[in-house]
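Results of the structural survey
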Amino acid sequence: MTFDLKLTSKHSKFLFTHSGQFNPFNLLRLLKSNFGSEECAINISNLSKCQQGLFVDKFKTLLLLVQGLESSNLRLFTIAFSDVDDAIIEKVEKETGALRDDQSLVFDCNDMPEQPASLLDPHAVKNIRGAVLLSLVLDLLELQKVEGNLTLFNETSKLTLHSACSFLHNQDNAKMMWEILERWNELHNGDLRASINRKIQTCLQKRRVLTTTWSHVKRFMSQSTPVMSFYNDLQETFHLSSDVFESSESLQIWFVDDQHADGWYQLVDSMLADINADIRCFNSQADVELFLKMSQLHGEGKLPELAIVDLRLSEQESAFENYDSDDLSGFAVVESLLNAVPGLPVLIASASNKLWNLEKAIKKGAMAYWRKSDESSNNANSHAVATAMDIYCQFVEKMTSGLSQVRYCRVFAIARILNEICQRQPFTGTPFQRRAQNFFVETQHSVTWMLWQGIDEKSVNDRIFLGTMELFNELEKFLWDDTTEKLTLYSSKRVKKDTKGRHAKIIDDTLECIDSQSDSYLLSKYESCKNVRNKLPIIHGSEGYGDVKHAEVANIETSLLIIWTLMDRLLQSQR
């Protein structure tokens with residue numbers, strides 16, 4: 001008996017992804033009710049030309065998936081089409097042994113070449129199956145609640161699994177997901193369904209936090225902030241470097257994974273759909289280092305603001321690494337990225353459960369470590385989906401932390417510039433240079449450790465801000481001549497003394513002179529910074545007092561911009 005299936009536009013959303021990719025696994029789901037038949041006739045004439053071409057081109061995958069399911073008797077398929085390019089048909093005929101009969105193709109599963117046994121190591125199997133389950137989680141989040149009448153095997157199903165479309169081309173992956181869908185009602189009745197629904201709400205809440213955090217970061221990166229305006233004025237007046245405060249509407253994310261083209265990019269892009277991310281993919285350590293080198297030599301290409309790095313970037317790397325083995329290539333990429341972009345938030349992703357890899361991630365300077373799969377070898381069980389939801393929540397939490405670190409990107413960028421300036425006279429070899437170097441390193445450690453430990457950022461910001469005040473203290477020595485008691489940059493100006501006869505206004509006097517020539521408002525900005533310093537809990541006292549104030553990232557940036565400007569003026573005065 002032949003089973004007839006006519007595909008129309010109502011099937012398009014179920015069979016084709018948003019990007020137009022054909023999902024053969026979902027076609028298999030449409031055929032389930034007729035697995036008892038041996039023959040199937042599918043009419044695709046009412047689909048668009050593009051969809052017909054994709055359908056025929058990838059039909060080989062459907063044949064392989066059918067062969068992998070013991071419950072299916074389907075062996076002979078006839079595809080009726082209206083508009084498919086001859087080149088596609090000829091390619092499919094060679095690959096599958098299909099026979100063309102005018103506007104139809106006949107496929108016999110028995111004519112398909114035998115498939116080699118899977119050679120994937122256990123690590124890769126965990127990696128891929130974790131991705132397939134995460135795709136199911138994304139579909140459940142779109143539902144927002146699982147009802148008892150969830151449809152799974154017709155075109156109205158909301159569980160499209162499109163995010164894992166590429167992964168489901170594999171027989172083993174498809175079989176695993178098939179078992180989960182077949183046993184869904186058995187596994188997720190009653191209390192288990194209620195548990196899944198609670199986890200859905202937890203995931204949605206964490207996703208809202210991610211979206212809110214991105215909104216804050218996006219405003220922080222815009223041109224309209226007071227610090228951005230202050231920088232633009234300084235850049236225009238004193239010709240400071242112009243690439244520190246670049247505004248952006250999207251977040252530049254680098255995704256380093258040798259399997260990104262096999263489906264991981266599609267999945268990560270779907271998991272980050274709530275933020276405006278521009279994701280650039282790299283296959284290997286060599287690809288990353290080449291881009292970084294070209295960027296350094298020619299200034300081309302935008303560097304990342306956040307990075308996701310897979311731990312193993314080559315199939316040659318052992319899946320059973322030892323504690324004292326050479327570092328996996330992912331760790332080398334982390335080092336390269338942090339050398340090029342100090343303070344960059346880097347998330348290491350891996351299916352590895354080795355504790356020492358987590359330890360190494362901390363030592364290398366990564367901001368988080370994400371386990372993207374669990375240890376279960378049987379994914380078709382009652383806990384598989386719940387565990388996948390936990391893994392999704394961890395990803396969202398760690399990406400939210402990463403966005404929090406993005407807010408410090410300009411702090412790191414300016415601190416690096418200050419260290420570069422310190423290589424020149426009059427700063428090299430001085431206590432100020434050592435203080436600037438320590439500030440650079442301590443700030444990176446403080447922010448990264450804040451994310452690992454979940455420390456309140458208020459105390460971290462206060463500590464970093466006090467570090468900028470220490471830089472002012474050291475810089476003050478370059479701004480006046482203690483023998484003449486005159487300003488270095490303005491030799492006709494004598495340093496003012498306070499009521500106790502101390503030279504306490506060196507920086508104030510210097511900034512006042514600069515402002516008189518440039519209208520740059522440096523002095524008022526500096527006074528605002530001192531006001532913040534005086535109200536810090538560590539300076540002022542207990543937070544119980546109403547006048548206590550914590551430092552913000554903008555205060556740190558403003559202080560560093562003033563220090564940068566003063567250092568630049570000192571350099572210019574030597575020419």
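The coordinates are above.
All of the points below concern the structure found in this document. Every chain begins its residue count from 1, and numbering advances along the sequence as written. The model is predicted, so local features are restricted to residues of pLDDT at least 70 and side-chain atom pairs to those at 80 or more, both for listing and for counting; the totals for chains, interfaces and linings are taken over all residues. Calculation of side-chain values draws on the structure's entire complement of heavy atoms; hydrogens and water are dropped beforehand.

Only DSSP runs of H or I reaching four residues or more are called helices, and only runs of E reaching two or more are called strands; each is numbered from the N terminus. A tally of helices and strands in the chain yields 22 helices and 12 strands. For the chain, the spread of C-alpha atoms along the three principal axes comes to 105 × 50 × 50 Å. Out of the 575 residues in the chain, the part that is buried amounts to 51%. Accessible area of the chain: about 26,300 Å², with a carbon and sulfur share of 46%. Counting 61 positive and 77 negative side-chain charges, the chain places the averaged centre of each group 7 Å from the other. Only protein chains enter the accessibility calculation, which uses a 1.4 Å probe. A residue is then buried if its area is under 20% of the maximum for its type, exposed if over 50%, and partly exposed in between. Per-residue and other accessible areas were derived by the Shrake-Rupley procedure at a 1.4 Å probe size, with only the shown protein chains allowed to occlude residues. The charge count treats Lys and Arg as positive and Asp and Glu as negative. His and the chain ends do not count. All charge positions are set by atom: Lys at NZ, Arg at CZ, Asp at CG, Glu at CD.

In this analysis, strands are considered paired if DSSP registers two or more bridges between them. In the sheet, strand 6 (residues 251-256) pairs with strand 7 (residues 277-282) via 6 bridges, with the strands oriented parallel. Directly across from Trp254, in strand 7, lies its bridge partner Arg280. A crossover links strand 6 with its parallel partner strand 7, the connecting element being helix 11 (residues 264-271), and its sense is right-handed. We call a crossover right-handed when, viewed with the strands running away from us, the connection from the first strand over the helix to the second turns clockwise.

Along helix 5 (residues 86-96), the positions that sit buried rather than exposed are Ile89, Val92 and Thr96. The arc enclosing the buried residues of helix 5, seen along the axis, measures out at 65°, which places them on a common side. Seen from the buried face of helix 5, the exposed residues on the opposite side, beyond 90 degrees, are Ala87 and Lys94. We call two residues contacting when some pair of their heavy atoms lies within 4.5 Å. Here the buried face of helix 5 lies against helix 3 (49-57), helix 4 (59-67), strand 4 (99-100) and strand 5 (104-108). The reported arc concerns the directions from the helix axis to the C-beta atoms and nothing else.

For sheets, the rule is that strands pair by backbone hydrogen bonds, running either parallel or antiparallel. Across the sheet, which stays open at both edges, the 5 strands sit in the order 1-2-3-5-4 with mixed pairing between neighbours. Looking at which strands have only one partner, the edges of the open sheet turn out to be strand 1 (2-6) and strand 4. Axis geometry follows a simple rule: fit a line to the C-alpha atoms, using only the stretch in contact for helices, then measure angles between N-to-C directions, giving values from 0 to 180 degrees. Contacting strand 1, strand 2 (39-43) and strand 3 (76-80), helix 2 (residues 24-31) runs over the sheet at an angle of about 125° to strand 1.

Strand order in the open sheet made by the 5 strands is 7-6-8-9-10, with parallel pairing throughout. Where the open sheet ends on each side, the last strands, each with one partner, are strand 7 and strand 10 (368-371). The sheet shows a mean angle of 20° between the axes of neighbouring strands, direction not considered. Each of strand 6, strand 8 (306-310) and strand 9 (346-350) is contacted by helix 13 (residues 329-340), which is oriented at about 160° to strand 8, the strand it contacts most.

A word on the packing of helix 19 (residues 506-518) against helix 22 (residues 553-573). Packing of helix 19 against helix 22 brings their axes to within 12 Å, and their N-to-C directions diverge by 75°. On the basis of their axis angle, the class for helix 19 and helix 22 is roughly perpendicular. Here helix 19 contributes Ile507, Thr510, Leu511 and Ile514 to the contact with helix 22, which in turn contributes Ile562, Leu566 and Arg569. Three residue categories are used. Nonpolar comprises Ala, Val, Leu, Ile, Met, Phe, Trp, Tyr, Cys and Pro, charged comprises Asp, Glu, Lys and Arg, and polar comprises the others, including Gly. Along the lines of polarity and charge, the residues of the contact of helix 19 with helix 22 split into 5 nonpolar, 1 polar and 1 charged. Note that the term roughly parallel is reserved for angles under 35 degrees, roughly antiparallel for angles over 145, roughly perpendicular for angles of 65 to 115, and oblique for everything else.

The salt bridge criterion pairs a side-chain nitrogen of Lys or Arg with a carboxyl oxygen of Asp or Glu, the two atoms within 4 Å. Counted under the stated rule, the structure contains 20 salt bridges. With a shortest N-O distance of 2.8 Å, Asp390 and Lys199 are connected by a salt bridge. Within this pair, whereas Asp390 is found in helix 15 (residues 384-406), its partner Lys199 is found in helix 9 (residues 191-220), the two being separated by 191 residues in sequence. Judged by its relative accessible area of 33%, Asp390 falls in the partly exposed class. A salt bridge links Arg435 to Glu442, with the nearest nitrogen and oxygen atoms 3.0 Å apart. What emerges from the salt-bridge pattern is a single network uniting Asp57, Lys91 and Glu95.

Next up on the list: the environment of Leu292. Tracing the chain through its elements places Leu292 in helix 12 (residues 285-298). Accessibility expressed as a relative area gives 11% for Leu292, which makes it buried. In this structure the C-alpha to C-alpha distance between Leu292 and Leu303, which are 11 residues apart in sequence, comes to 7.9 Å. Leaving out residues up to four positions away in the same chain, Leu292 has contacts with Trp254, Leu303, Ser336, Leu337 and Ala340.

Once that is clear, we can look at the layout of surface pockets. Each pocket or cavity is described by its volume, and for the largest pocket that value is around 1,300 Å³. The wall of the largest pocket is formed by 42 residues, among which Asp243, Val244, Leu303, Ala340 and Ala413 lie closest to the centre. Of all the elements in the fold, those that place two or more residues in the lining of the largest pocket are helix 12, helix 13, helix 15, helix 16 (409-421) and helix 22. Across the lining of the largest pocket, the residue classes break down as 20 nonpolar, 10 polar and 12 charged. When its volume is computed, the second largest pocket comes out at roughly 700 Å³. Put plainly, a pocket is an open set of points on a 1 Å grid over the protein atoms alone with protein on both sides within 12 Å along at least five of seven lines, a cavity is a set where a 1.4 Å probe fits but cannot get out, and a lining residue has an atom within 4 Å of a point. Forming the boundary of the second largest pocket are 26 residues, of which His18, Asp139, Glu142, Thr160 and His162 lie nearest the centre. Broken down by secondary-structure element, the contributors of at least two residues to the lining of the second largest pocket are helix 1 (12-15), helix 6 (122-143) and helix 11. Grid points are joined across faces, edges and corners, and a volume is the space filled by probe spheres set on the points.

Turning our attention to the packing of aromatic side chains. Under the pairing criterion, centres of Phe, Tyr and Trp rings, with the six-membered ring standing for Trp, must be within 6.5 Å; the plane angle then separates stacked pairs below 30 degrees from edge-to-face pairs above 60, leaving the rest tilted. Enumeration over the complete set of coordinates arrives at 19 aromatic pairs. When the ring of Phe22 is compared with that of Phe55, the centres are 4.9 Å apart and the planes differ by 40°; the resulting orientation is tilted. Pair noted here: Phe22 is in the loop between helix 1 and helix 2 and Phe55 is in helix 3, with a separation of 33 residues, a long-range link. Classification of Phe22 by relative accessible area gives buried; the value is 2%. With 5.6 Å between their ring centres and 75° between their planes, Phe59 and Phe77 make a pair best called edge-to-face. Here Phe59, found in helix 4, pairs with Phe77, found in strand 3; they are 18 residues apart in sequence, far enough to count as distant.

All quantities given are derived from atomic positions and should not be read as evidence of function.
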